[in-house]
Amino acid sequence: MERPHGWMTSGAFAAFCGTTKETLRHYKEIGLLVPAHQGENGYFYYDTAQFYDFYAISIFRRTGTPLEETRRCLQGQDSAGTLSLLRKQQARLEAERRQLGQMQFVLSGILRNLEWSAAPDLSPRTAWFEAEQLLALPTAELERLVPGSAEADEILIAVLERCRALCGQYDVQTDFQLGAVHRPSLPVGRETITHLYTRVREKTGSPYDLEKPAGQYLYLCCQGRWDISDGYAALNRCIQERQLKTAGCVYACDLAGFILNGLEQNAVSMISVRLAEDV
């Protein structure tokens, strides 16, 4: 007997839905998606319209809804219950999206930093830098948080704790890459630091927002040392010898030490300053 129009074998229906016969068999066994017809030959057939049943199941599955809960929801045909379930799943997916966005932000920064860290030691170069959003803490504020006699580790802890608190307060994400902003005057050195910062994904809307603008930058890397005084000296010397015109602040940041187990031999820092547009 020829099967009626619109009836599909499990193989044909599986291909139509982009799934497998094994998946359909499992759905049938648990009563989630049962073939609509049984022919005189005893074989089961799906109706073409059951594609939408499968599509609904797929939506629930992709939101992470357990199969049993999906079955109850679809069989109950309760719009209020379905709405509540989907709202919960939407909130969960949004949280996962933010987590994935955070990891993308962190990993892209790490990859970029490790690529920059391959530059020769203390060798000034120029390159185009994209804009970066910073959460910048004024050194005057930090001086109120830690005593003047504080060790480097104490200052680091204070900066990290303050950055973490601010990111939580303003609901922004950071990769905890730390750096220093120097006032736009030369020569530059430790005594010209005005802010300590961490990178963030977006503006906070707070007084701590600071954008490192896009542009052509003069930069150099300091490798295998925590003390980057030689880097400041090399940058100042290059600007003077080449008679370069700079624009804005000078930035210094750790490129690799925070990810390469914190050993000084793995430390790589970058110092950079934007060049004036007429250069």
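Above: the structure in question.
Note that the structure is predicted; figures quoted are calculated from it, not measured.

Caption draft 1: Summary view of the overall build of the chain. When you go through the chain residue by residue, the secondary structure sums to 8 helices and 11 strands. Against the compact-globule benchmark of 19 Å for 279 residues, the chain has a radius of gyration of 30 Å, which places it well outside the compact range. When the 279 residues of the chain are sorted by exposure, 38% land in the buried category. Relative to all contacts within the chain whose residues are 6 or more apart in sequence, the contacts with residues 24 or more apart total 71%. For the chain, the accessible surface area stands at approximately 16,000 Å², while carbon and sulfur atoms represent 52% of it. Seen as two clouds, the 29 positive and the 34 negative side-chain charges of the chain have centres 4 Å apart.

Caption draft 2: Summary view of the pairing of strand β3 (residues 44-47). As judged from the 2 bridges shared by strand β1 (residues 7-8) and β3, these two strands associate in the antiparallel manner. Residue pairing in the sheet places M8 in a bridge with Y46 of β3.

Caption draft 3: Spotlight on the sheet that holds strand β2 (residues 37-38). The strand order β1-β3-β2 describes an open sheet built from 3 strands, whose pairing is antiparallel. The open sheet terminates on both sides in strands that have one partner only, identified here as β1 and β2.

Caption draft 4: Broad picture of a nonpolar patch on the surface. Together, Y55, I59 and L86 give the surface a local cluster of nonpolar side chains, amounting to about 250 Å² of exposed area. As for its placement among the helices and strands, Y55 is situated in helix α3 (residues 51-62).

Caption draft 5: Expanded view of the pairing of strand β10 (residues 246-254). Relative to β10, strand β6 (residues 174-182) runs antiparallel, the two being bridged by 4 bridges. Within the sheet, the bridge partner assigned to H182 lies in β10 and is V250. Pairing of β10 with strand β11 (residues 268-275), which is carried by 6 bridges, proceeds in the antiparallel orientation. Within the sheet, the bridge partner assigned to T246 lies in β11 and is L275.

Caption draft 6: A look at the side chain of H182. Within the secondary structure layout, H182 lies in strand β6. On the accessibility criterion, H182 (0% relative accessible area) is buried. Among the polar contacts made by the side chain of H182, one reaches the side chain of T192 at a distance of 2.8 Å. Within polar-contact distance, the side chain of H182 engages the side chain of Y232 at 2.9 Å.

Caption draft 7: Just the packing of aromatic side chains, in detail. As enumerated under the stated definition, the model contains 10 aromatic pairs in all. Consider the rings of F129 and Y217, whose centres lie 4.9 Å apart with planes at 10°: the pair is stacked. Here F129, found in strand β4 (residues 125-129), pairs with Y217, found in strand β9 (residues 215-223); they are 88 residues apart in sequence, far enough to count as distant. Residue F129 shares its accessibility class with Y217, and that shared class is buried. Three or more aromatic residues link up through ring pairs in this structure, and these residues are F16, F51, Y52 and Y55. K28 extends its terminal NZ or CZ atom over the ring of F44, reaching a point 4.8 Å from the ring centre. Over the ring of Y217 we find K212; its NZ or CZ atom is 5.1 Å from the centre of that ring.

Caption draft 8: Structural context of the state of the cysteines. Counted according to the given criterion, the structure contains 0 disulfides. C163 takes part in no disulfide bond, and the closest cysteine sulfur to it belongs to C167, at a distance of 6.3 Å. Cysteine C253 remains unbridged, with the sulfur of C221 as its closest cysteine sulfur at 8.4 Å.

Rules and cut-offs
- Residues numbered from 1 in each chain as written.
- Predicted model: local features only at pLDDT ≥ 70, side-chain atom pairs only at ≥ 80, totals over all residues.
- Heavy atoms only, no water.
- Helix = DSSP H or I, 4+ residues; strand = E, 2+ residues; numbered from the N terminus.
- Rg over C-alpha atoms; globule rule 2.2 N^0.38 Å.
- Buried < 20%, exposed > 50% of the residue type's maximum accessible area, 1.4 Å probe, protein only.
- Contact = heavy atoms within 4.5 Å.
- Areas by Shrake-Rupley, 256 points an atom, 1.4 Å probe, with all protein chains shown as cover.
- Lys, Arg positive; Asp, Glu negative; His and termini not counted.
- Charge placed at Lys NZ, Arg CZ, Asp CG, Glu CD.
- Pairing = 2+ DSSP bridges.
- Patch = residues over 30% accessible without salt bridge, like charges linked within 9 Å, V, L, I, M, F, W, Y side chains within 5 Å.
- Salt bridge = Lys/Arg side-chain N within 4 Å of Asp/Glu carboxyl O.
- Polar contact = N/O pair within 3.5 Å; in protein donor to acceptor, adjacent residues only side chain to side chain.
- Phe/Tyr/Trp six-rings, centres within 6.5 Å; stacked < 30°, edge-to-face > 60°.
- Lys NZ or Arg CZ within 6 Å of the ring centre and 35° of its normal.
- Disulfide = S-S within 2.5 Å.

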